[in-house]
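Chain and residue survey
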Amino acid sequence: DCAAVVRTGWDGQFFYLAAVVTDDTHWQNEEGTGIWRGDCLQLAFRAGPPNPQPGYDGSERELGLALRPDGPFLVAWQPLGASLEGARLAVVREGRQTIYEAAIPWSVLGVDRIGPGRRLAWSMTVNDNDGDGCRGWLEWTPGICGSKDSSAFGWFEAIVP
């Protein structure tokens, strides 16, 4: 009962994400770092190639984006409590769809510079909970849910159309 269409973009200052999640029931009553238990998006980045070893090695940045009853919510899991200064998030629920729009500074993602041809490892998930516990998740690549493993991340390549 969950599907998503996700688009990404970039400029010299921000990573952009737009996602439309179709879900029959939106449920997100969790607090702080616990938002992963409810409907949310999780994004993880590693500046450079996927980790050569399984797991996280401390170079990763992981964020959560959610629509809580009190409004849009953004949290940093990796490193825990990292600054999200300059990040912007809008989330609205319209019928069966939750629409996420985010602009996240590259510095928040551990990237010091970005330009055409720059590649970095990343992944994302769409978590689903209809109020009776985790129903599962959609993932672009493994590595976020289940176990933390940036060796499984895919590539984000900054290209100019």
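Up top is the structure.
Residues numbered from 1 in each chain as written. Predicted model: local features only at pLDDT ≥ 70, side-chain atom pairs only at ≥ 80, totals over all residues. Heavy atoms only, no water.

Attention now goes to the overall build of the protein chain. Across its full length, the protein chain holds 0 helices and 10 strands. Along the protein chain, helices (α) and strands (β) appear in the sequence β-β-β-β-β-β-β-β-β-β when read from the amino end. Radius of gyration (C-alpha) of the protein chain: 15 Å, near the 15 Å computed for a compact globule of 161 residues. When contacts within the protein chain are restricted to residue pairs at least 6 apart in sequence, those whose partners lie at least 24 apart make up 58%. Carbon and sulfur atoms form 51% of the exposed surface of the protein chain, whose accessible area is close to 7,700 Å². Charged side chains in the protein chain number 13 positive and 21 negative. The centres of these two groups are separated by 5 Å. (Helix = DSSP H or I, 4+ residues; strand = E, 2+ residues; numbered from the N terminus. Rg over C-alpha atoms; globule rule 2.2 N^0.38 Å. Contact = heavy atoms within 4.5 Å. Areas by Shrake-Rupley, 256 points an atom, 1.4 Å probe, with all protein chains shown as cover. Lys, Arg positive; Asp, Glu negative; His and termini not counted. Charge placed at Lys NZ, Arg CZ, Asp CG, Glu CD.)

For the rest of this paragraph, the subject is the packing of aromatic side chains. According to the stated counting rule, one finds 9 aromatic pairs in the structure shown. Residues Phe 45 and Trp 122 carry aromatic rings whose centres are separated by 5.6 Å and whose planes lie at 20° to one another, so their mutual orientation is stacked. Taken together, the residues Phe 45 in strand 3 (residues 40–46) and Trp 122 in strand 8 (residues 119–129) connect sequence positions 77 residues apart. As far as the burial class goes, Phe 45 and Trp 122 line up, both buried. Among the aromatic residues, ring-to-ring pairing joins Phe 15, Phe 45, Trp 106, Trp 122, Trp 140 and Phe 156 into one connected group. (Phe/Tyr/Trp six-rings, centres within 6.5 Å; stacked < 30°, edge-to-face > 60°. Buried < 20%, exposed > 50% of the residue type's maximum accessible area, 1.4 Å probe, protein only.)

Residues Gln 78 and Pro 79 are joined by a peptide bond in cis, for which omega reads -10°. Structurally, Pro 79 is set in the loop between strand 5 (71–78) and strand 6 (88–94).

Disulfide: a covalent bond formed between the sulfur atoms of two cysteine residues. Taken as a whole, this structure holds 0 disulfides when the rule is applied. Its sulfur unpaired, Cys 2 is 10 Å from the next cysteine sulfur, which belongs to Cys 134. Cys 145 forms no disulfide, and the closest cysteine sulfur to it belongs to Cys 134, at a distance of 7.2 Å. (Disulfide = S-S within 2.5 Å.)

Below, the discussion takes up the pattern of salt bridges. Opposite charge on two side chains lets them pair, provided their charged atoms get close. For the structure on display, the rule yields 12 salt bridges. Two residues, Arg 46 and Glu 60, come together in a salt bridge whose shortest N-O distance is 3.8 Å. With Arg 46 in strand 3 and Glu 60 in strand 4 (residues 60–68), this pair connects stretches of sequence that are 14 residues apart. Note on Glu 60: relative accessible area 0%, which makes it buried. Close ionic contact of Arg 135 with Asp 130 constitutes a salt bridge, the shortest N to O distance being 3.2 Å. When its relative accessible area of 18% is taken as the criterion, Asp 130 is described as buried. Bridged by salt links that share partners, the residues Asp 1, Asp 128, Asp 130, Asp 132 and Arg 135 form one connected network. (Salt bridge = Lys/Arg side-chain N within 4 Å of Asp/Glu carboxyl O.)

With that settled, consider the pairing of strand 6. The side chains of a regular strand alternate between the sheet's two faces. Here strand 6 pairs with strand 7 (residues 97–105) via 7 bridges, running antiparallel. Pairing of Arg 93 across the sheet is with Thr 98, part of strand 7. Connecting strand 6 to the next strand, strand 7, in antiparallel fashion are 2 residues, including Gly 95 with a positive phi near 65°. (Pairing = 2+ DSSP bridges.)

This paragraph deals with the nonpolar core. With 27 residues, the main nonpolar core has Phe 15, Leu 41, Leu 43, Leu 63, Leu 65, Trp 106 and Leu 109 as its most contacted residues. Put simply, the parts of the chain that give this core at least two residues each are strand 2 (14–23), strand 3, strand 4, strand 5, strand 7 and strand 8. Other than its neighbours up to four places away in sequence, Leu 109 contacts Phe 15, Phe 45, Arg 61, Leu 63 and Ile 104. (Core = buried A, V, L, I, M, F, W, Y, C linked by side-chain atoms within 4.5 Å.)

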